[in-house]
Amino acid sequence: MRANVDAKAFVQALDRVSGLIRKSAIPVLNAVLIRFEKDCCTLTSTNIDTYLSAALPAQGDAFAFLLDRPRETARAFRQFEGELTIEQTEAGEGGQRRIKLALSCGPRSAELHPFLPEDFPRYPNWEPKHSFTANANRLYARVERVKYAVGVPRKKEARACIVSVQFSGNRVYALDGYRMAWDTDPELDVPAPFMASPDALEHLKLFGDQTVSVQMGERYANVTDGVTSLLFRLPEGELFKLDSALTDRFRAEFQVSPKEFLAELKYLKQSLRGNRAHLVRFSSGNLLSESMGERYATKISAAGCEGVEFGFNLDYMTDALEPFKKEPSVNMKISAGSLGPIIIEAQGRGDRAMVLPVQLKKAGMAA
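Remember, predicted model here, so these are calculated numbers, not experimental data. (Residues numbered from 1 in each chain as written. Predicted model: local features only at pLDDT ≥ 70, side-chain atom pairs only at ≥ 80, totals over all residues. Heavy atoms only, no water.)

Looking at the element boundaries, Phe63 is found in strand β6 (residues 63-67). Phe63 sits 36 residues away from Ile99 along the chain, and the two C-alpha atoms are 11 Å apart. Discounting chain neighbours no more than four positions away, the residues touching Phe63 are Met1, Arg2, Ala3, Ile34, Arg35, Phe36, Ile86 and Gln88. (Helix = DSSP H or I, 4+ residues; strand = E, 2+ residues; numbered from the N terminus. Contact = heavy atoms within 4.5 Å.)

So, in structure tokens, the structure goes:
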């Protein structure tokens, strides 16, 4: 059995799907399934929950193999240029069956011994029920703005909505129980709410500035531009009701420079000792924190914050301000009640951040 493909296109596709592979003790999860059929070569990788595929034109017979060490093999194949011929032969039967590949491109050739294709995890059977189109770059940027608030899945019983990026209507959001981030885009309204793993959504960047089609079923979703396809499992469970956490009642509102605020938080972070969570007391623009008997203080310019006091987790506030660091100023809204959430927003942007405060007595003893 023999087939021909363009060497450069083949290597580019191999590089692309290899991006999904993470080192695994299961050999087939470190490999790429390569299948020739109907004038097409399809390369697929998986980590069980996600499948990433790329297709390119080919000519020849129908056959398949499982290429191990794909990254190392791709480095060797980069020396190929022009038409790449792949010939597969088999020997033995049953448990003794083995396959061999002979590759040639111009004066260069190689001989490989891949895994059997049937060892690759079976591609899921699923049916799409909803679909929408979106610009991949724009969708990826929205996910990037909120995913810092996704919780760490320390326990298997962690609620799906805590460890996932959530999509509902025109909003993309994430939360871990202590903070939340959401982004609103009126130009995209998903037909049905769903959740997705941030690890799976990371591969949206592969599509670049293209319009992609997103199809959703009960358990899987697929993103494709017609050449590359990203299929991923949808976490089961109920989405968090975002509106239930939002309020329009605030006891204070003021403006700060995110760049200045981040710089002073960095000073505190680098000064404080210990690995525990560092708590900070905000008092009329003054920032105070202590650790292991040491106390550090600094100050930021904050228009309209006179008499405003609250406490916060240093790392959570840093994460919330980071997406706004290039903005000249952000608006900070302090909700009514001693432990009402802190909202951060910037003029002209659809994304917002929320950080839950901590009790003042825990965030520094002196104002």
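With that settled, consider the packing of aromatic side chains. Under the counting rule described, the total for this entry stands at 14 aromatic pairs. Aromatic ring contacts, followed pair by pair, group Phe254, Phe261, Phe282, Phe310 and Phe312 into a single cluster. (Phe/Tyr/Trp six-rings, centres within 6.5 Å; stacked < 30°, edge-to-face > 60°.)

In sheet architecture, strand pairing relies on hydrogen bonds along the backbone and comes in two forms, parallel and antiparallel. The 9 strands are arranged β14-β11-β12-β13-β26-β25-β24-β18-β22 in an open sheet whose pairing can be described as antiparallel. Either end of the sheet is taken by a strand with one partner, and the two such strands are β14 (194-196) and β22 (302-303). Sheet topology note: the strand β18 (residues 250-256)/β22 ladder contains 2 bridges and is antiparallel. Each bridged residue has a counterpart across the sheet, and for Val256 the counterpart in β22 is Ala302. (Pairing = 2+ DSSP bridges.)

Let us look at unusual backbone geometry. One non-glycine residue, Ile48, lies in positive phi territory at about 85°. Secondary-structure assignment places Ile48 in the loop between β3 (40-46) and β4 (50-57). Residue Arg69 is not a glycine yet carries a positive backbone phi of 50°. Of note, Arg69 is situated in the loop between β6 and α2 (70-77).

Attention now moves to the pattern of salt bridges. Taken as a whole and assessed by the stated rule, the structure comprises 25 salt bridges. One salt bridge connects Asp176 with Arg179, and the closest N-O pair in it is separated by 3.0 Å. A residue is classified by how much of its surface remains accessible, and Arg179, at 12% relative accessible area, is buried. Between Glu294 and Arg273 there is a salt bridge; the shortest N-O distance is 3.3 Å. Taken together, the residues Glu294 in strand β21 (residues 294-299) and Arg273 in the loop between α5 (258-271) and β19 (279-283) connect sequence positions 21 residues apart. (Salt bridge = Lys/Arg side-chain N within 4 Å of Asp/Glu carboxyl O. Buried < 20%, exposed > 50% of the residue type's maximum accessible area, 1.4 Å probe, protein only.)

With that out of the way, let us pick up the pairing of β3. The buried fraction of β3 is high, at 5 of 7 residues. Bridge count for strand β2 (residues 32-37) against β3 is 5 bridges, and the pairing is antiparallel. When the bridges of β3 are listed, Glu37 appears paired with Cys40. Between β2 and β3, which follow one another and run antiparallel, lie 2 residues, and Lys38 among them has a positive phi close to 50°. Two strands pair when backbone bridges link them, and β3 and β4 are joined in this way by 7 bridges, in the antiparallel orientation. Paired with Cys41 across the two strands is Leu56, which belongs to β4.

By the burial criterion, the buried members of helix α3 (residues 136-146) are Ala136, Leu139, Tyr140, Arg142, Val143 and Val146. All buried residues of α3 lie within an arc of 155° about the axis, which places them on one face of the element. On its buried face, α3 sits against β10 (130-135), β11 (165-168), β12 (171-175), β13 (179-184), α4 (198-201) and β15 (211-216). Near the N-terminus of α3, the side chain that reaches the backbone nitrogen of Asn137, with its oxygen 3.1 Å away, is that of Asn135. (Arc of directions from axis to C-beta. Polar contact = N/O pair within 3.5 Å; in protein donor to acceptor, adjacent residues only side chain to side chain.)

The next point concerns the pairing of β2. Two strands pair when backbone bridges link them, and β2 and β6 are joined in this way by 5 bridges, in the antiparallel orientation. Bridge assignment links Arg35 to a residue of β6, and that residue is Ala64.

Moving on: the side chain of Ser164. On the secondary structure map, Ser164 appears in the loop between α3 and β11. Polar side-chain contacts of Ser164 include one of 2.7 Å to the backbone oxygen of Ala160. For Ser164, the residues in contact, after removing those within four places along its chain, are Val150, Tyr173, Ala174, Met195, Ala196, Pro198 and Pro235.

Pairing is antiparallel across the open sheet formed by 5 strands, whose spatial order is β5-β1-β7-β8-β9. Edge positions in the sheet fall to β5 (59-60) and β9 (108-112), since each of these pairs with one other strand and no more. Note: strand β8 (residues 98-105) against β9, 5 bridges, orientation antiparallel. Residue pairing for β9: Ser104 is matched across the bridge by Ser109. Across the face of the sheet, helix α1 (residues 7-18) comes into contact with β1 (2-6), β7 (83-91) and β8 while running at roughly 85° to β1. (Axes fitted to C-alpha atoms, helices over the stretch in contact; angles between N-to-C directions.)

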